[in-house]
Amino acid sequence: MNMDKPFIGQDAAWQEWLAAIASERMHHAWLLSGGKGLGKRAFARAAAAELVRQPGAPVLDVESHPDIHILDHLPANDDEAKKKAEGKPYQTKRNITVDQVRGMIRRLATKPTLGDRRAIIIDPADDMEKGAVNALLKALEEPPAGTYFLLVTHQPGRLLPTIRSRCRVLRFAALDREELEAVIRRDAPQADAAARSAAIAAAQGSPGVALDIVEHDLGAVHELMMRILQRGDPDFLLRGALADEMGGRPARDRQLAALELARAVLVHQLRDAPRRRQLGIIEAYGALTKLATQAPTYNFDAGLLIMEIGGLLASAAMPREAAR
């Protein structure tokens, strides 16, 4: 495990990035692609910092550096903007807007402030308005000298082929057990050995999922989700137990963590599922993804949301023919 970089895992992608920086003909646009929770966001910020950092200079503050521009979801309102500034979870607007992309393009008309390189991070790149996509495509077709784009996505298929074709792809792999253990020890030092072991077993190589399980105490929730997938839930008992385990009114961030956990267990289930079950799992995953997209900006009844998650897992437990 290479610990010379400012994050854990993704050694191959990091070495490829460093080699590109050192080369004389670095590609201008990069697509950071891989499953959710694999550390693409942290990688993008570390990569941008390495790109613009002057030789011998100390570690820089990515969020405030004048030559690093980050386009992400805007907070839904002033209260949510305050949460974002404080580093807390916040509700967002639906998409990265065309005004955000156009504002970024206007800044590209000037030279970088402190050096000869500038980094643009778009995260998530697959969640832009149509006008924003068109504006970005023009910028990728005619990139200013010294400007490098980092597009972060776990759904590359949602990007236009014309955008994907202009990017060099950095692929992100699942972390091994040792790396997951290191992430949990670093970011959730309060977790005991049993909690770490359960999170690693459930995360399937995703540090984001592992941390959600530990930080939101989702070990028992994961066990119930797996039981629903393995047995179905014709009498609704397991779904009731799932709702009880989540609590009557779970916090929004715990609800979102449970949604991501449910998607993770479906992905894991799909790998080994017989063909007659695969379609049901895919359909349930799609429905959970739609819920995950809506949940940050809509007020769901907490109990109903958890029952909906349980119901979708139960539907994935049945062969597709039986579900008809």
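Just above, that's the structure.
The rules behind these values
- Residues numbered from 1 in each chain as written.
- Predicted model: local features only at pLDDT ≥ 70, side-chain atom pairs only at ≥ 80, totals over all residues.
- Heavy atoms only, no water.
- Helix = DSSP H or I, 4+ residues; strand = E, 2+ residues; numbered from the N terminus.
- Rg over C-alpha atoms; globule rule 2.2 N^0.38 Å.
- Buried < 20%, exposed > 50% of the residue type's maximum accessible area, 1.4 Å probe, protein only.
- Contact = heavy atoms within 4.5 Å.
- Areas by Shrake-Rupley, 256 points an atom, 1.4 Å probe, with all protein chains shown as cover.
- Lys, Arg positive; Asp, Glu negative; His and termini not counted.
- Charge placed at Lys NZ, Arg CZ, Asp CG, Glu CD.
- Patch = residues over 30% accessible without salt bridge, like charges linked within 9 Å, V, L, I, M, F, W, Y side chains within 5 Å.
- Salt bridge = Lys/Arg side-chain N within 4 Å of Asp/Glu carboxyl O.
- Expected span 1.5 Å × (residues − 1).
- Arc of directions from axis to C-beta.
- Axes fitted to C-alpha atoms, helices over the stretch in contact; angles between N-to-C directions.
- Parallel < 35°, antiparallel > 145°, perpendicular 65-115°, else oblique.
- Left-handed = near helix turned anticlockwise from the far one by under 90°.
- Phe/Tyr/Trp six-rings, centres within 6.5 Å; stacked < 30°, edge-to-face > 60°.
- Lys NZ or Arg CZ within 6 Å of the ring centre and 35° of its normal.

## Considering the overall build of the chain
Step number 1: If you tally the helices and strands in the chain, you get 15 helices and five strands.
Step number 2: Here the C-alpha radius of gyration of the chain, 21 Å, is about what a compact globule of 324 residues would show, namely 20 Å.
Step number 3: For the chain, the C-alpha atoms occupy an extent of roughly 65 × 45 × 40 Å along the three principal directions.
Step number 4: Looking at the 324 residues of the chain, the share that counts as buried comes to 47%.
Step number 5: The long-range share in the chain, meaning contacts at least 24 apart out of those at least 6 apart in sequence, stands at 72%.
Step number 6: A total accessible area of about 16300 Å² is found for the chain, and carbon and sulfur atoms account for 51% of it.
Step number 7: Taking the average location of the 44 positive side-chain charges in the chain and that of its 42 negative ones, the two points are 5 Å from each other.

## Brief notes about a nonpolar patch on the surface
Step number 1: A cluster of nonpolar side chains, contributed by Leu270, Leu279 and Ile282, occupies part of the molecular surface with about 230 Å² of accessible area.
Step number 2: Among the structural elements, Leu279 can be located in helix H13 (residues 275-294).
Step number 3: The exposure class of Leu279 is partly exposed, given its relative accessible area of 39%.

## What about helix H1 (residues 11-22)?
Step number 1: Between its first and last C-alpha, H1 extends 17 Å over 12 residues, near the 16 Å set by a 1.5 Å rise per residue.
Step number 2: Residues Ala13, Trp14, Trp17, Ala20 and Ile21 constitute the buried set of H1. Each buried residue of H1 sits inside an arc of 125 degrees when the element is viewed along its axis, so together they form one side. Facing away from the buried side of H1, by more than 90 degrees, are the exposed residues Ala12 and Ala22.
Step number 3: In this structure, the buried side of H1 is in contact with strand E1 (29-33), helix H2 (40-52), strand E4 (147-153) and strand E5 (168-171).

## What about the packing of helix H9 (residues 207-215) against helix H12 (residues 252-272)?
Step number 1: Interaxial distance between H9 and H12 falls to 10 Å at its minimum, and their mutual angle equals 130 degrees. If you check the angle between H9 and H12, you find them oblique. For H9 against H12, the interelement crossing comes out left-handed. For the pair H9 and H12, the contacting residues are Val209, Asp212 and Ile213 in the first and Ala257, Glu260, Leu261 and Ala264 in the second.

## Digging into the environment of Leu51
Step number 1: Along the chain, the position of Leu51 falls in helix H2.
Step number 2: Those residues within four positions of Leu51 in sequence are excluded, and the remaining contacts are Trp17, Ile21, Met26, Arg117, Arg118, Ala119 and Tyr148.

## What to know about the packing of aromatic side chains
Step number 1: Throughout the structure, instances matching the rule amount to five aromatic pairs.
Step number 2: Ring centres 5.1 Å apart and planes at 80 degrees place the aromatic pair Trp17 and Trp30 in the edge-to-face group. Taken together, the residues Trp17 in helix H1 and Trp30 in strand E1 connect sequence positions 13 residues apart. Residue Trp17 shares its accessibility class with Trp30, and that shared class is buried.
Step number 3: These aromatic residues form a ring-pair network of at least three members: Phe7, Trp14, Phe43 and Phe172.
Step number 4: Its end group placed over the ring of Phe236, Arg239 keeps NZ or CZ at 4.0 Å from the ring centre.

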